[in-house]
Amino acid sequence: MNENVFTVDLGAMKLTDAQRKEINAAIQNATTGVLAKTGASNGFALFPIYKLPKGPIINGIVARNLKELGLDQKKIFTQQL
């Protein structure tokens, strides 16, 4: 298993959709906050995940290297400004 995969399994705990969304948002905020503070996310695209249209329901955040995606970080930020 990849050492950079983190899992939260609340088992049979009953949650409302609102609670599930709030927990997911808190996980995403904590992750992006630490990555931004440390600079570890430089050169990476971060994709917040709520539900995938196909497959299992997944919550969380996924990071992918911009170069592996064929993207240039400078061009992305220049186009947004």
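Anything mentioned here points back to the structure above.
I will try to describe carefully the structure that is included in this document. Everything quoted here is computed from the prediction, not taken from an experiment.

Calculation rules
Numbering of residues begins from 1 in every chain and follows the order in which that chain's sequence is written. Residues qualify for local features only when their pLDDT is at least 70, as the model is predicted, and side-chain atom pairs are given and counted only at 80 or more; totals for whole chains, interfaces and linings, by contrast, use all residues. No hydrogens and no water enter the side-chain calculation; it runs on all heavy atoms of the structure. Only protein atoms enter the calculation, which uses a 1 Å grid: trapped sets of points that fit a 1.4 Å probe without letting it out are cavities, open sets showing protein on both sides within 12 Å along at least five of seven lines are pockets, and any residue with an atom within 4 Å of a point is a lining residue. Grid points are joined across faces, edges and corners, and a volume is the space filled by probe spheres set on the points. By definition, any uninterrupted DSSP run of H or I lasting at least four residues is a helix, any uninterrupted run of E lasting at least two residues is a strand, and each is numbered from the N terminus. Three residue categories are used. Nonpolar comprises Ala, Val, Leu, Ile, Met, Phe, Trp, Tyr, Cys and Pro, charged comprises Asp, Glu, Lys and Arg, and polar comprises the others, including Gly. Only protein chains enter the accessibility calculation, which uses a 1.4 Å probe; a residue is then buried when its area is under 20% of its type maximum, exposed when over 50%, and partly exposed in between. The contact criterion used throughout is that any non-hydrogen atoms of two residues lie within 4.5 Å. Salt bridges, as used here, are contacts in which a Lys or Arg side-chain nitrogen is within 4 Å of a carboxyl oxygen on Asp or Glu.

**Let's talk about the layout of surface pockets**
- A volume near 1,100 Å³ is recorded for the largest pocket.
- Every residue lining the largest pocket is counted, 30 residues in all, and those nearest its centre are Asn4, Val5, Phe6, Gly60 and Ile61.
- Broken down by secondary-structure element, the contributors of at least two residues to the lining of the largest pocket are helix 1 (17-38), strand 1 (44-49) and strand 2 (60-65).
- The biggest single contributor to the lining of the largest pocket is helix 1, with six residues.
- Among the residues forming the lining of the largest pocket, the class breakdown is 18 nonpolar, nine polar and three charged.

**Let's talk about the side chain of Gln28**
- For Gln28, the position within the fold is in helix 1.
- Accessibility expressed as a relative area gives 7% for Gln28, which makes it buried.
- Setting aside residues no more than four positions away along its own chain, Gln28 makes contact with Pro48, Ile49, Tyr50, Gly60 and Ile61.

**Regarding the pattern of salt bridges**
- Applying the stated rule across the entire model yields one salt bridge.
- Note that Arg20 is salt-bridged to Asp17, the shortest N-O span being 2.8 Å. Residue Arg20 and its partner Asp17 are both found in helix 1; the two are separated by three residues, about one turn of the helix.
- Assessed through its relative accessible area of 33%, Arg20 is described here as partly exposed.

Purely geometric numbers; function is a separate question.
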